[in-house]
Amino acid sequence: MCPLSKAAMRSRRAAPAFFATIDGMRHDIVNEWVVGTDTIVELTVTYTRKDGRRVAIPVASIWTVGDSGLIDEYRVFFDLAPVFA
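Below is a summary of the structure that appears in this document. (Residues numbered from 1 in each chain as written. Predicted model: local features only at pLDDT ≥ 70, side-chain atom pairs only at ≥ 80, totals over all residues. Heavy atoms only, no water.)

1. With respect to the pattern of salt bridges
Okay, step 1: Going through the model one piece at a time under the given rule, you end up with four salt bridges.
Okay, step 2: Of the charged contacts in the structure, one is a salt bridge between R49 and D51, with a shortest N-O distance of 2.6 Å.
Okay, step 3: For R75, the salt bridge is made with E73, and the minimal N-O distance between the two is 3.0 Å. (Salt bridge = Lys/Arg side-chain N within 4 Å of Asp/Glu carboxyl O.)

Here it is as structure tokens:
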């Protein structure tokens, strides 16, 4: 199995565990830049913790659309530490 497939399987297993630690989340786009097939999005993600407190963190997402019209590269940059502090 290729490393990408292994990473995707680990992500699928980890996602339910992560979502069990929060009560919700909201994404608000701050800025978006599209250059050719590349898109960069600056956003604020607000997490609702189990204790009801809301914590907003900055996030950057970058993706590239391939010839098929589908995203073929996707990167997200964020630090979840404030959500669990």
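2. Examining the layout of surface pockets
Okay, step 1: Its volume calculated, the largest pocket comes out at about 300 Å³.
Okay, step 2: If you go around the largest pocket, you meet 17 residues; those closest to its centre are H27, V45, Y47, V76 and F78.
Okay, step 3: Broken down by secondary-structure element, the contributors of at least two residues to the lining of the largest pocket are helix 1 (3-19), strand 1 (22-35), strand 2 (38-49), strand 3 (54-65) and strand 4 (71-77).
Okay, step 4: No other element matches strand 2, which puts four residues into the lining of the largest pocket.
Okay, step 5: Considered class by class, the residues forming the lining of the largest pocket number 15 nonpolar, two polar and no charged. (1 Å grid on protein atoms, 1.4 Å probe; cavity = no way out; pocket = protein on both sides within 12 Å on 5 of 7 lines; lining within 4 Å. Points joined across faces, edges and corners; volume = space filled by probe spheres on them. Helix = DSSP H or I, 4+ residues; strand = E, 2+ residues; numbered from the N terminus. Nonpolar A, V, L, I, M, F, W, Y, C, P; charged D, E, K, R; others polar.)

3. Here's the deal with the packing of aromatic side chains
Okay, step 1: Counting across every chain of the model gives four aromatic pairs.
Okay, step 2: A centroid spacing of 6.4 Å and a plane angle of 80 degrees characterise the contact between F18 and F84, whose relative ring orientation is edge-to-face. Taken together, the residues F18 in helix 1 and F84 in helix 2 (residues 81-84) connect sequence positions 66 residues apart.
Okay, step 3: Following the ring pairs from residue to residue traces out a cluster consisting of F18, F19, Y47 and F84. (Phe/Tyr/Trp six-rings, centres within 6.5 Å; stacked < 30°, edge-to-face > 60°.)

4. Points about the side chain of T64
Okay, step 1: The topology assignment puts T64 in strand 3.
Okay, step 2: On the accessibility criterion, T64 (14% relative accessible area) is buried.
Okay, step 3: Polar side-chain contacts of T64 include one of 2.7 Å to the side chain of D38.
Okay, step 4: If we skip the residues at most four places from it in the chain, T64 touches T37, D38, L70, I71, D72 and E73. (Buried < 20%, exposed > 50% of the residue type's maximum accessible area, 1.4 Å probe, protein only. Polar contact = N/O pair within 3.5 Å; in protein donor to acceptor, adjacent residues only side chain to side chain. Contact = heavy atoms within 4.5 Å.)

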